[in-house]
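Per-entry structural report
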Amino acid sequence: MCDLTFCGAALKALGSGALFWPAEGVLCVSDLHLGKAERIARRGGAALPPYETRDTLTRLATDLEATRARTVICLGDSFDDLAAARAMPEEERLWITRLQAGRRWIWIEGNHDPGPIEYGGTHLGELHLAPLTFRHIAQTGKTREISGHYHPKATLHTRGRAITRPAFLIDSDKLIMPAYGTYTGGLRSHDAVLTRIMRADARAILTGAHPIEIPMPR
Amino acid sequence: MSALPPQFTDWFTAKGWSIHPHQQTMLDRASEPALLLIAPTGGGKTLAGFLPSLAELSDGTHEGLHTLYISPLKALASDIKRNLRTPVDEMGLSIRIEDRTGDTSQTQKNRQRADPPHILLTTPESLALLTSYEDAPRMFAGLRRVIVDEIHALAESKRGDQLFLALARLQSLCPDLRRVGLSATVEDPGAIAHLLACHPDPCAILQADPGPLPDIKMLVTDEAPPWSGSGGKYAIPAVLEQVKQHKTTLIFHNTRAQAELYFHNIWLANSDGLPIGIHHGSLDRQQREKVEQAMVAGDLKAIVCTGTLDLGIDWGDVDLIIQVGAPKNVKRLVQRIGRANHRYNAPSKALLVPANRFEVVECVAALEAVKEGALDGDPRGPGPRDVLCQHILITAAAGPFEADALYAEVITAGAYSTLTRAEFDACIDFCATGGYALRAYDQWQRLQRRADGQWQLRDPRAAQRIRMNIGTIQDTDTLKVRFKGRGGKPLGEIEEGFAATLTAGDTFLIGGQIVRYDSLREMTVQVTRDAAKKPKIATFLGTKFATSTQLSQRIIEMFQQPGWPELPAHTAEWLALQRKVSRLPEPGRLLIESFPHDGRVHTAVYGFAGRNAMQTLGLLLTKRMEETGLNPLGFLATDYATLIWGLDPIRDPGPLFDIQSLRDGLERWLAGNAVMKRTFRASATIAGLIECNTPSARKSGRQATFSSDILYDTLAKYDPDHLMLNITRQEAMRGLVDFGRIEEMCARIEDRFDLITLDRVTPLAAPLMLEVGRVPIKGLAEEKLLAEEAARLMSTAGLPPEPSRKEWRVPF
């Protein structure tokens, strides 16, 4: 776990790719892409191993246990699409319900899943929780903003070895979360899309057993 | 004796030729169900294959397709078309001959399906695609003969497995189909005949006169080869001298990267401006064709090339073959040399250029093996099931099928003759549902069973996706390279992984020129010209041959001699020096050297078990070292040694090499490693779990896709008995893992370890240091390194990271 201060809020970047805000008891995860395998099969693609939802939920359950979070913010693209949300097997549906029990649960709308209303919890376009704003896609000119969508990853070149991992990107105005879902790829931090959004002095926190903070590779 | 039609005898007479005995035998036995001809190049092998077809077609009464010719190279198909056209035209035969490859236009392809020629020349992939169409039975109606050229090359790969499955399909469509295989000299003709036969029918083997022994020597230069490296740069003046003395020289390299570097270096030294070209599989097609044309026209004195020039294309007047780097495999060397020289009854002339001292030993050992006619090779196991899965999908694309009938058909293919029904059914289940322990999205399954028991595609549109992903050639994803600007000239392709390590300003070699990386636009690497003399990053990786174990054993035996009069003095001295500062590997013992280098403890294990087994040994040893707290960072394997680097030294090798613990833990240890993931990726792609091509254009390579490693990890965690993991293990055990040779090695050495600790790299270990193909260990040491590097970076707060060291490098 890596401590950081963002716009005055003391936050913890977890190695799993979740963000914890102890003062508010908030756990934020982004881009779960639950049901991705189902969506690919439905569209005539390959039948991928149908275990990504349980893998993602297992990690989420572990993080909830460890942080005892009172509020969960799913920062969009929680389901791979609305049909995937509806096709979720009963067992996994109940699992989500169990995770929601006794907590405030907020689904932020993503571009893949504009409001999976079958599921309990609150559905919002974005959430303001002073001093921070949570939304799926970063908006130009906005500050104190926590977003997801881009699935950032960063590469650290150590002696003779390049290590690439999903990463948090942080500067004075914006924090972009890594994708939390098991079946997600990543966009390198030096991609022009990300270097345009993030300030020159941005940092990256690589996920993994021991999260590591470095200057954002660009 | 079958008499030839008169046009044929007249034509032979007019040419002043007489028919070769093996050509006559092929005619005499043309009615047999399968025939394998083994003949040297230049011996009229192709004509021997085609004569019965031409004779049968000469009366002009056959309608539709008569003969299908399959070659591993599309260039070969178009070449044969040209060569066949001449006798056919000169004899005035009315025979339509066409080729069909990935390069054939769509109009032409459609026409071929509607109105097939008499003789169709194609590749295994194009044939597989043809069998996937619903109209395949109509197109192949009337087919009488199939000729598989260069069958020895196909027999070694999954392309061959796919081809033989396609032949099984064709045999069902045309029960009277006869098969002919044309092969270069091989160590086990029976194994190839087994593949070619339609089981349980036999396949006869015909041996043509092998011709004179090749004239092969090692190029001895005034300057000694370097201690390490694989470029052969030191020998360039001597090679240029040879090029001058011959009409056309082919200069073979084992990898594309080496060919690029060599080409660059030979031009720096080419003060006479001799016309020298380069040819390899990563170059743009136009570039390659230009070189091919120049060569046929006799405009080139030499061509620097790789295996793409290996097969029997008519390359004009080649009178010298130069092999740079040790040949690695005696059979391939003999075939390469025999083949590039097209003059029958004249010995082929070849020179070996060892790239370093160790390769001098390898070259001498290989020359001795050639002299003794001792070819090497390993039998392949049963037919791979990933290829079978693809075959099932291809069959489904052509229309509904009966599982019973398909199984009966599949086991007529030699490689699959021992496939059990249960194994077959598991492949069907995989293709239909994914075959997971957890039944999911059943309504979306790929194949559905109809009421009449036949299997069919759930969504007929899936046929298109299946066709787009036909093939078994495993290339890493590649990106096109072009000069920047509108309509920039295409240069070739580089691996996506290599492209990802480039930053603006980096220079690399492609097509013999140094270019500067500018940007990545729409999945094309944009570059500009660069005037530098030396590229900053050498170039991309290529595939490497593994030295055969037979050759490795010869080398160990050579080491035991008191002196080495057959070796050049510099190499004999090197071995003597190794014997003095450390010792030489001995049969029945295991030499292990431990020394510091580059701030890491290095351990060299000289197992001589072949590249794949040494790779596995690296995996198993590093895993055990990780468990015992020796903090290994990575390893690399060559055919003769495994080099491990890490933070702490090995002090007691005995427990590490305990075969029982190695075996017990193999499964568990293999689960998380990179070699298994690489094998999984290849097999999952062939079996259709990973689609490289989708109708919505190429995958963007951005966050939309995720790595196949995630699929592997997920399966290993939740469904460890899944068919794909099963296939991966089997593939890895016989391919990349080759555990059998480790067991053999352990049995050979028992507890006879020679652990020698030194203060520096030894002469024998030096060549290892620059080998490519490093496998990182993602263990505790990685977390340590990360923390170390991050601390360093953050201490220089605000500054960008230091330029990184590139892992993609090639030894000079």
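The shown structure was predicted, so the numbers you read here are calculated from the model rather than taken from an experiment.

1. Considerations on the overall build of chain A
- A tally of helices and strands in chain A yields five helices and 16 strands.
- The C-alpha radius of gyration computed for chain A amounts to 17 Å, which stays within 12% of the reference 17 Å derived for 218 residues, consistent with globular compactness.
- Each principal axis of the C-alpha distribution contributes one length, and for chain A these read about 45 × 40 × 30 Å.
- Counting over 218 residues, chain A shows a buried share of 53%.
- At a minimum sequence separation of 6, the contacts of chain A that also span at least 24 residues come to 67%.

2. Remarks on the overall build of chain B
- Scanning chain B from terminus to terminus reveals 31 helices and 26 strands.
- Counting every position in chain B, which comprises 812 residues, the buried fraction comes to 48%.
- A sequence separation of at least 24 residues applies to 76% of the contacts in chain B between residues at least 6 apart.

3. Some points on the domain arrangement of chain B
- Partitioning chain B into structural domains gives domain 1 (6-207) and domain 2 (587-777).
- Using C-alpha coordinates to define each centre, domain 1 of chain B is positioned 42 Å away from domain 2 of chain B.

4. Concerning the nonpolar core
- Of all hydrophobic cores here, the largest spans 174 residues; its most connected members are Leu-37, Leu-196, Ile-251, Ile-303 and Val-304 of chain B.
- Among the elements that take part in this core, helix α15 (residues 357-372) of chain B stands out by supplying nine residues, more than any other.
- Of all hydrophobic cores here, the second largest spans 55 residues; its members include Ile-146, Leu-194, Ala-202 and Ile-205 of chain A.

5. Observations concerning unusual backbone geometry
- Each neighbour pair has its own omega, and for Ala-130 of chain A with Pro-131 of chain A the value is 5 degrees, a cis peptide bond.
- In this fold, Pro-131 of chain A is placed in the loop between β8 (126-129) and β9 (132-135).
- In this model, His-199 of chain B is joined to Pro-200 of chain B through a cis peptide bond whose omega is 0 degrees.
- Here Pro-200 of chain B shows up in the loop between α10 (189-196) and β7 (204-207).
- Phi is positive for His-33 of chain A, which is not a glycine, with a value near 45 degrees.
- Tracing the sequence through the fold places His-33 of chain A in the loop between β4 (26-29) and α1 (36-42).
- Under the C-beta neighbour-count criterion, His-33 of chain A is labelled buried, with 28 such atoms within 10 Å.
- In this structure, Arg-68 of chain A is a non-glycine residue whose phi angle is positive, near 55 degrees.

6. Observations concerning the pairing of strand β11 (residues 302-305) of chain B
Residue and element names in this part refer to chain B.
- Of the two faces of β11, the one lined by Ala-302 and Val-304 and the one lined by Ile-303 and Cys-305 are each fully buried.
- Two strands pair when backbone bridges link them, and strand β9 (residues 249-252) and β11 are joined in this way by four bridges, in the parallel orientation. Bridge assignment links Thr-249 to a residue of β11, and that residue is Ala-302.
- Note on the crossover from strand β10 (residues 276-279) through helix α13 (residues 285-296) to β11: the handedness is right-handed.

7. What about the sheet that holds strand β2 (residues 9-13) of chain A?
All names here are of chain A.
- Reading across the sheet, the seven strands line up as β1-β2-β3-β4-β5-β6-β7 and stay open at both edges, with mixed pairing between neighbours. Each having just a single partner strand, β1 (2-6) and β7 (122-124) make up the two edges of the open sheet. Pairwise comparison of adjacent strand axes, ignoring direction, gives a mean angle of 25 degrees for this sheet.
- Bridging between strand β5 (residues 71-74) and strand β6 (residues 104-108) involves four bridges; their strand directions are parallel. For Cys-74, the partnering residue across the bridge sits in β6 and is Trp-107.

8. Regarding the environment of Leu-132 of chain A
All names here are of chain A.
- Within the secondary structure layout, Leu-132 lies in strand β9.
- Note on Leu-132: 21 C-beta atoms within 10 Å, which makes it buried.
- Distance from Leu-132 to Ala-9, taken between C-alpha atoms, is 8.1 Å for residues 123 residues apart in sequence.
- Once you skip the residues sitting within four places of it in the chain, Leu-132 turns out to touch Cys-7, Ala-9, Arg-144 and Ile-146.

9. Digging into the sheet that holds β11 of chain B
All names here are of chain B.
- Strand order across the open sheet formed by six strands is β8-β13-β12-β9-β11-β10, with parallel pairing between neighbours. Both outer strands of the open sheet, β8 (215-218) and β10, are each paired with one neighbouring strand and no more. Neighbour-to-neighbour, the strand axes of this sheet turn through a mean angle of 20 degrees, independent of strand direction.
- Helix α12 (residues 256-269) rests against β10, β11 and β12 (320-324) of the sheet, and its axis sits at about 145 degrees to β11.
- Relative to the sheet, α13 contacts β10 and β11, its axis offset from that of β10 by approximately 135 degrees.

10. Considering the environment of Ala-39 of chain B
All names here are of chain B.
- As for its position among the elements, Ala-39 is in the loop between β1 (34-38) and α3 (45-57).
- Take Ala-39: there are 26 C-beta atoms within 10 Å of it, and that puts it in the buried class.
- In sequence terms Ala-39 and Pro-210 are 171 residues apart; their C-alpha atoms lie 6.1 Å from each other.
- Residues in contact with Ala-39, not counting those within four places in the same chain, are His-22, Lys-45, Ala-48 and Ala-208.

11. Notes on the confidence of the model for chain B
- This prediction gives chain B a mean pLDDT of 83; 84% of its residues lie at or above 70.
- The low-confidence segment residues 697-704 of chain B (pLDDT under 50) makes 13 contacts with residues lying over four places distant or belonging to another chain.

12. Notes on the packing of helix α16 (residues 385-398) of chain B against helix α18 (residues 421-433) of chain B
Residues and elements named next belong to chain B.
- Orientation of α16 relative to α18, taken along the N-to-C sense of each, is 60 degrees, at an axis distance of 9 Å. Classified by the interaxial angle, the pair formed by α16 and α18 is oblique. Crossing of α16 over α18 shows right-handed handedness. Taking contact as the criterion, the partners of Arg-385, Leu-388, Cys-389, Ile-392 and Leu-393 in α16 are, on α18, Glu-423, Cys-427, Ile-428, Phe-430 and Cys-431.
- Taken together, the residues that form the contact of α16 with α18 break down as eight nonpolar, no polar and two charged.

13. Looking at helix α17 (residues 403-410) of chain B
Residues and elements named next belong to chain B.
- Of all the positions in α17, only Leu-406, Glu-409 and Val-410 are classed as buried. Buried residues along α17 cover an arc of 95 degrees about the axis, so they all sit on one side. Opposite its buried face, α17 presents the exposed residues Asp-404 and Ala-408, each directed more than 90 degrees away.
- Buried residues in α17 make contact with α9 (158-173), α16 and α18.

14. Regarding the pairing of β8 of chain A
Residues and elements named next belong to chain A.
- Note: β8 against β9, four bridges, orientation antiparallel. The residue bridging Glu-126 from the neighbouring strand is Arg-135, located in β9.
- What sits between β8 and β9 in their antiparallel hairpin is a turn of two residues.

15. Here we look at the environment of Leu-206 of chain B
All names here are of chain B.
- Along the polypeptide, Leu-206 turns up in strand β7.
- On the neighbour-count criterion, Leu-206 (18 C-beta atoms within 10 Å) is partly exposed.
- Separated by 181 residues in sequence, Leu-206 and Thr-25 place their C-alpha atoms 8.2 Å apart.
- Not counting the four nearest positions on each side in its chain, Leu-206 is found in contact with His-22, Thr-25, Met-26, Leu-35, Leu-36, Leu-37 and Ile-38.

16. Digging into α3 of chain B
Residue and element names in this part refer to chain B.
- In this model, α3 (13 residues) spans 19 Å end to end at C-alpha, consistent with the 18 Å of a helix rising 1.5 Å per residue.
- The largest bend along α3 reaches roughly 35 degrees and is located at Leu-51, with the proline Pro-52 sitting one to four residues downstream.
- Among the 13 residues in α3, 10 count as buried, and that is most of the element.

17. Looking at the confidence of the model for chain A
- Within chain A, residue pLDDT values average 92, and 97% of them lie at 70 or more.
- Here strand β11 (residues 152-158) of chain A is the element of chain A with the lowest mean pLDDT, 84, and β4 of chain A is the one with the highest, 98.

Calculation criteria
- Residues numbered from 1 in each chain as written.
- Chains lettered and ligands numbered in written order.
- Predicted model: local features only at pLDDT ≥ 70, side-chain atom pairs only at ≥ 80, totals over all residues.
- Helix = DSSP H or I, 4+ residues; strand = E, 2+ residues; numbered from the N terminus.
- Rg over C-alpha atoms; globule rule 2.2 N^0.38 Å.
- Buried ≥ 20, exposed ≤ 12 C-beta atoms within 10 Å, placed from the backbone.
- Contact = placed C-beta atoms within 7 Å.
- Domains from an automatic or database assignment.
- Core = buried A, V, L, I, M, F, W, Y, C linked by C-beta atoms within 7 Å.
- Pairing = 2+ DSSP bridges.
- Right-handed = clockwise from strand over helix to strand, strands pointing away.
- Axes fitted to C-alpha atoms, helices over the stretch in contact; angles between N-to-C directions.
- pLDDT = per-residue confidence, 0-100.
- Parallel < 35°, antiparallel > 145°, perpendicular 65-115°, else oblique.
- Left-handed = near helix turned anticlockwise from the far one by under 90°.
- Nonpolar A, V, L, I, M, F, W, Y, C, P; charged D, E, K, R; others polar.
- Arc of directions from axis to C-beta.
- Expected span 1.5 Å × (residues − 1).
- Bend = angle between axes of the 7 residues up to and from the residue.

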